[in-house]
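Residue strings, one per chain:
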Amino acid sequence: MPRRGSRAGRRHGAEWAATALLLVVLAPALWLLQMSFRTEASINGGVFVATLANYTSLAGSGFPASFANSVVASTTATALALLLGVPAAYALSRGGMRRRGTIAMWVLVTRMAPPIAFTVPFFLAFSWLGLIDTVSGLVVVYLTFDLAMVIWTMRSFFAAIPHSLEEAAWIDGAGVWGAFLRVVLPLSVPGLAATGILCFIMSWNDFFFALILTRTNAMTAPVAIVNFMQYAGWEWGKIAAAGVLVLLPVLAFTLLTRRYLVRGLTAGGVKE
Amino acid sequence: MGGKLRRRAVITGAAGMLALPGKAPAAVGAKPLSGVTLNVSCWNAPYPQFLKKYIPEFEQETGARVVYTTPAFPIYNQRMDIALATHSDAYDVINVTFIYIGRWVGAGWMTPLDPFIANPKLTPADWNPKDFLPGIEAAFRDSKGELCAVPWIADIMMSGASRYDLIHGAGLTMPDTFDEMHKMLAAVSHKDGLPGFVVENHYGWTFLGYLQGFGANVFRAPPHDLMPVLDSPEAVQAAEFFATIMRDYGPRGALSYTYDQVTAALKAAKVIYSTENEAFVTQMAQKGAPAAPTCGFSLFPKGPAGRFPQIATHGWGIPAGSRKKDAAWQFIAWAMSEKLLLRMFREQGWSSVTRRSIIDLPEFHAKLNYNGFDVAKIYLETLNLADKGYMAYRTVPAYPQIDRQINIALQSVISGEKKAAQAMKDAQHNSLEALRRAGVKL
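Values in this document were obtained by computation on a predicted structure and should not be read as measured data.

(A) Representation of the nonpolar core within the structure. B:Leu51, B:Phe207, B:Trp316, B:Trp329 and B:Phe331 are the most contacted members of the largest nonpolar core, which totals 209 residues. Once residues lying within four places of it in the same chain are set aside, the contact partners of B:Phe331 are B:Leu38, B:Val40, B:Leu51, B:Ile55, B:Phe58, B:Val66 and B:Val93.

Structure, rendered in structure tokens:
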């Protein structure tokens, strides 16, 4: 009996510790949430007076357009990265090329330096091509780093899928791409979900490239939020409300695919 | 021509998967700037927002199309720094930011404007360039003395009290000297639980009026002799004074106050007194602000060596990379014309004007009178002081590095981590190192 009691006590202790840890992790987001419902007068402390004014005032600003730009740029970049990167990853995983390791390393080169190193080349090239302040320009930039992520992540997922499954499909008459589409890809759904979410988050949270390569037409939500930091004072209410709205798509996307996400993040780590 | 065809071919080929916005062919008309598109940008402040409402008139008058952007201050500066450094033609008219004057003008990234001002085809005869206050304009002159921007704002440092009633109640007036200021803060601070004094934690800006007021300076004789002199006895004395008033009369966490927090505290009457930018302290007088009925204003106090209120200015300039310089100048000449500035003052209340003819108007003084305090008079007196040239340190391209050292030194003195003498000695040593790294000959 005493042993069972101490085990239960340990379990409760672990639960309390987990809850405390969760609160610590969630504290900034919860703080942001409560701040977004505060009036301007109470935003820097004082009695909490609830209001929706911060959200309604966003509607009249350019924020909805920036939010839409973020959605379009991030989803397009993610979809294109998956469309182009998944077959590339499969080819690099299964193909018989002699230099596939070298090719894979070259794919990763865009992630080997901090973003600021690519700023001037991107700015000059985009100015020349007329891509400054266009959503399509942002998609191109996001593709450069999303593709590296897709190729490297999916390559390890494909490596974890036994060859024998494809061989069985080939014996049944499927071609290389038939086996890929009908056998390998369905087995990789958790990996696709995890990779897609990571790509989306990377594009969605980009601030630096959107800052340099946009003006007003293609401005994204993270840049629009910083625009609320005015010289005559920071609009904390709008910053908080916009911050909460920016959290929502990633939260929704993650909740919808969390079943795959957990499996996806843990799969591919061990080769059979 | 070839370049354009190549560019078009690249875009057409590469963007097949994505629709790119196209440009409508320019309409040809009788107006002087028909078919010209001007890219104009300034950080988001009241003046560029006021100006936005008049831009359709310029477009209507000239036939030009103006693409006008006003991002937040940090975003604007980051974008411009890259555009100017790459000699890009992405912008035709930009704001020359005060803290970047040394860098942008010093590097030759801005176009000298004197030839445009002198050209009667581009500048109306009644434009009157001498109407701009020379003390402000001086900040935008390059090493050859050529004007590289036309100032649209002069943000002066002045004194503001959110609870002048407490000061008056203690039998005192707005302090005119550092000694009076210390005496006043000792009399009113922490009465009613209110801290007496706070300024923003950018001490490379907010401390400089005190540094110079005690007879010290950042450099020996800027802009020509850039030997730092931060460890002089006067500089140490200034640091001790400043740290004492911050420590003894400041709020809890005074070291963490940014400009918006100082402004919010003053507006809410949660701190009694500050020496800050006019743009911040005059917000106390806004309708509905708790401090509005009790606020008071005065000149920045003087020290043993005199009065040195800091002045920040921003101006319209033309990037060296612009390909539409004549049209760009016509925009600047229009935006900074006396006629338009007077309309902006009368119709929208723009008050930080840089033209003497407007500042001298009785209606200007009447409008900037808060609780009997003539802020227009304070404004003009402060701008006249700038003629002494004490702001020259600010135009040194390497000043941002020294600014950082001053911040570090003052933080360590206010927090009690170091004595003033040691902190300023360290600042001097580190500034010397920073200047040598920047290639400055000492």
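Next comes the rest of the write-up.
(B) Examining the pairing of strand β9 (residues 311-317) of chain B more closely. All names here are of chain B. Burial runs high along β9: seven of the seven residues are buried. Side chains of β9 alternate between two faces, with Ile311, Thr313, Gly315 and Gly317 and Ala312, His314 and Trp316 buried alike. With three bridges joining them, strand β3 (residues 93-96) and β9 adopt antiparallel strand pairing. Bridge pairing links valine 96 to glycine 315 in β9. Inspection of the sheet shows strand β4 (residues 150-161) paired to β9 by six bridges, in the antiparallel sense.

(C) The arrangement of the interface of chain A and chain B in detail. Taken together, the contact pairs 31 residues of chain A with 33 residues of chain B. A buried area of about 2,900 Å², summed over both sides, lies between chain A and chain B, and 66% of it is on carbon and sulfur atoms. On the surface where chain A and chain B come into contact, there are zero salt bridges. Put simply, chain A and chain B have six residue pairs in polar contact (both at pLDDT 80 or more) between them. Where the side of chain A that touches chain B is concerned, the elements lending two or more residues are α3 (63-94), α5 (116-129), α6 (135-160), α10 (208-213), α11 (221-226), β1 (229-230) and β2 (233-234) of chain A.

(D) Main features of unusual backbone geometry. All names here are of chain B. You will see that histidine 87, though not glycine, has its phi angle at about 55 degrees, which is positive. Secondary-structure assignment places histidine 87 in the loop between α4 (73-85) and β3. For asparagine 371, which is not a glycine, the phi torsion comes out positive at approximately 50 degrees. With respect to the helices, strands and loops of the structure, asparagine 371 is situated in the loop between β10 (369-370) and β11 (373-374).

(E) View of the environment of A:Arg182. All names here are of chain A. With respect to the secondary-structure elements, arginine 182 resides in helix α8 (residues 176-187). Residue arginine 182 is classed as exposed on the basis of its relative accessible area of 67%. Once the C-alpha coordinates of arginine 182 and valine 107 are considered, the two residues, 75 residues apart in sequence, prove to be 27 Å apart.

(F) Structural context of the packing of α3(A) against α8(A). All names here are of chain A. At their nearest, the axes of α3 and α8 sit 12 Å apart, and the two run at 105 degrees to each other. Comparing their axes, α8 and α3 come out roughly perpendicular. Of the residues in α8, those in contact with Val86, Pro87 and Tyr90 of α3 are Val176, Trp177, Phe180, Val184 and Leu185. Broken down by class, the residue content of the contact of α3 with α8 amounts to eight nonpolar, no polar and no charged.

(G) Inspection of the pattern of salt bridges at higher detail. All names here are of chain B. In total, this model carries 18 salt bridges over all chains according to the counting rule given. Put simply, aspartate 89 and arginine 323 hold a salt bridge, and the shortest N to O gap is 3.2 Å. Note that aspartate 89 is positioned in the loop between α4 and β3 and arginine 323 in the loop between β9 and α15 (325-335), a separation of 234 residues in sequence. The class for aspartate 89 is partly exposed, based on a relative accessible area of 33%. Residue glutamate 137 pairs with arginine 141 through a salt bridge whose shortest N-O separation is 3.2 Å. Residue glutamate 137 is classed as buried on the basis of its relative accessible area of 11%. A single salt-bridge network, built from bridges that share partners, covers Glu57, Arg343 and Glu347.

(H) A look at the state of the cysteines. All names here are of chain B. Enumeration over the complete set of coordinates arrives at zero disulfides over all chains. The closest cysteine sulfur to the non-disulfide-bonded cysteine 42 is located on cysteine 148, 17 Å from its own sulfur. A residue is classified by how much of its surface remains accessible, and cysteine 42, at 0% relative accessible area, is buried.

(I) Quick look at the pairing of β3(B). Pairing of strand β1 (residues 37-41) of chain B with β3(B), which is carried by two bridges, proceeds in the parallel orientation. By the bridge assignment, B:Ser41 is partnered in β3(B) with B:Ile94.

(J) Spatial organisation of the packing of aromatic side chains. Taken as a whole and judged by the stated rule, the model has 51 aromatic pairs over all chains. Residue placement shows A:Arg155 over the ring face of A:Trp152; its charged tip is 5.3 Å from the ring centre. When the ring centre of B:Trp127 is taken as reference, the NZ or CZ atom of B:Arg355 above it lies at 5.3 Å.

Conventions and cut-offs
- Residues numbered from 1 in each chain as written.
- Chains lettered and ligands numbered in written order.
- Predicted model: local features only at pLDDT ≥ 70, side-chain atom pairs only at ≥ 80, totals over all residues.
- Heavy atoms only, no water.
- Core = buried A, V, L, I, M, F, W, Y, C linked by side-chain atoms within 4.5 Å.
- Buried < 20%, exposed > 50% of the residue type's maximum accessible area, 1.4 Å probe, protein only.
- Contact = heavy atoms within 4.5 Å.
- Helix = DSSP H or I, 4+ residues; strand = E, 2+ residues; numbered from the N terminus.
- Pairing = 2+ DSSP bridges.
- Buried area = accessible area lost by both parts, 1.4 Å probe.
- Salt bridge = Lys/Arg side-chain N within 4 Å of Asp/Glu carboxyl O.
- Polar contact = N/O pair within 3.5 Å; in protein donor to acceptor, adjacent residues only side chain to side chain.
- Axes fitted to C-alpha atoms, helices over the stretch in contact; angles between N-to-C directions.
- Parallel < 35°, antiparallel > 145°, perpendicular 65-115°, else oblique.
- Nonpolar A, V, L, I, M, F, W, Y, C, P; charged D, E, K, R; others polar.
- Disulfide = S-S within 2.5 Å.
- Phe/Tyr/Trp six-rings, centres within 6.5 Å; stacked < 30°, edge-to-face > 60°.
- Lys NZ or Arg CZ within 6 Å of the ring centre and 35° of its normal.

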